[in-house]
Amino acid sequence: MAKFLIVEARFYSHLNDMLIEGARAALQAAGHEVEVVTVPGALEVPGAIALAAESGQYDGFVAIGVVIRGETYHFEIVAGESARAIMALTMDGIAIGNGIITTENEDQAIARADPKRKNKGGEAAQAAIRLLELREKFA
Ligand SMILES: Nc1c(NC[C@H](O)[C@H](O)[C@H](O)CO)[nH]c(=O)[nH]c1=O
Ligand SMILES: CC(=O)[C@@H](O)COP(=O)(O)O
């Protein structure tokens, strides 16, 4: 059994609830322990994961959040920079699944957050589980 931390950017609560449901189900089905912490937005997720990884208390991480395009360039910054920073942490050997969905509108986000539809939360959890397996295989 491993210990996973879900770091959620709670910008759209109802969508996060679905993403977390999917992620938690996948992690628990694989026999892992799950904790959840909350940050304001997707830009804070990589930093929170870095802090938690430094603590040595967790084996893997799932980033959860929703970024929906608005009127300005800020979508590109929030979506792109959170993904880039999470990828950089992954390249440092931290097992992270990225479940921060980035969409043009809420309908697209609902389809991807719903565990009974595209289940992107569960998908991200499976990715984190696999990366942890590989880290242990290559250790
Ligand atoms: N617009 C969205 C944000 N914006 C907030 C940023 O993530 C960040 O919290 C703020 O800039 C303070 O540093 N965050 C999301 O997760 N989703 C959005 O749609
Ligand atoms: C993704 C965002 O930053 C977005 O929610 C903000 O909307 P806007 O670009 O209209 O300020």
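Residues numbered from 1 in each chain as written. Chains lettered and ligands numbered in written order. Predicted model: local features only at pLDDT ≥ 70, side-chain atom pairs only at ≥ 80, totals over all residues. Heavy atoms only, no water.

Student: Is there a simple way to think about the sheet that holds strand 3 (residues 60-68) in this case?
Tutor: Strand pairing within a sheet occurs via backbone hydrogen bonds; the two strands may be parallel or antiparallel. Strand order in the open sheet formed by four strands is 2-1-3-4, and the pairing between neighbours is parallel. Only two strands of the sheet have a single partner each, and these edge strands are strand 2 (33-39) and strand 4 (96-103). If you compare each strand with its neighbour and ignore which way they point, the axes differ by 15° on average. Across seven bridges, strand 1 (residues 3-9) lies against strand 2 in parallel orientation. By the bridge assignment, Phe4 is partnered in strand 2 with Val34. On top of the sheet, helix 2 (residues 45-55) reaches strand 1, strand 2, strand 3 and strand 4; it is set at about 170° to strand 3, its chief contact. Set on the sheet, helix 3 (residues 74-91) makes contact with strand 3 and strand 4; between it and strand 4 the angle comes to about 170°. (Pairing = 2+ DSSP bridges. Helix = DSSP H or I, 4+ residues; strand = E, 2+ residues; numbered from the N terminus. Axes fitted to C-alpha atoms, helices over the stretch in contact; angles between N-to-C directions. Contact = heavy atoms within 4.5 Å.)

Student: I would appreciate a short explanation of the pattern of salt bridges in the present structure.
Tutor: Note on pairing: side chains with opposite charge can pair once their charged atoms come close. Across all of its chains, the model carries eight salt bridges by this definition. Between Glu123 and Lys120 there is a salt bridge, with the nearest N and O atoms lying 3.3 Å from each other. With a gap of three residues between them, Glu123 and Lys120 both fall in helix 5 (residues 120-138), about one helical turn apart. Owing to a relative accessible area of 45%, Glu123 belongs among the partly exposed residues under this scheme. Since its relative accessible area comes to 26%, Lys120 is described here as partly exposed. One salt-bridge network, in which partners are shared between bridges, spans Glu8, Arg10 and Asp17. (Salt bridge = Lys/Arg side-chain N within 4 Å of Asp/Glu carboxyl O. Buried < 20%, exposed > 50% of the residue type's maximum accessible area, 1.4 Å probe, protein only.)

Student: Would you mind showing me how to read the side chain of His32 here?
Tutor: Relative to the helices and strands, His32 resides in the loop between helix 1 (13-29) and strand 2. A polar contact of 3.0 Å, which involves the side chain of His32, links it to the backbone nitrogen of Ala2. Those residues in contact with His32 that lie beyond four places of it in its chain are Met1, Ala2, Phe4, Leu27 and Ile129. (Polar contact = N/O pair within 3.5 Å; in protein donor to acceptor, adjacent residues only side chain to side chain.)

Student: Which parts of the structure should I look at to understand the packing of helix 2 against helix 3?
Tutor: A packed helix pair is summarised by two numbers, namely the angle formed by the two axes and the spacing between the axes. The N-to-C vectors of helix 2 and helix 3 enclose an angle of 20°; their axes lie 8 Å apart at closest approach. On the basis of their axis angle, the class for helix 2 and helix 3 is roughly parallel. For the crossing formed where helix 2 meets helix 3, the hand is left-handed. For the pair formed by helix 2 and helix 3, the contact residues are Val45, Pro46, Ile49 and Ala50 on the first element and Ser82, Ala85, Ile86 and Leu89 on the second. Here the contact of helix 2 with helix 3 is composed, by residue class, of seven nonpolar, one polar and no charged. (Parallel < 35°, antiparallel > 145°, perpendicular 65-115°, else oblique. Left-handed = near helix turned anticlockwise from the far one by under 90°. Nonpolar A, V, L, I, M, F, W, Y, C, P; charged D, E, K, R; others polar.)

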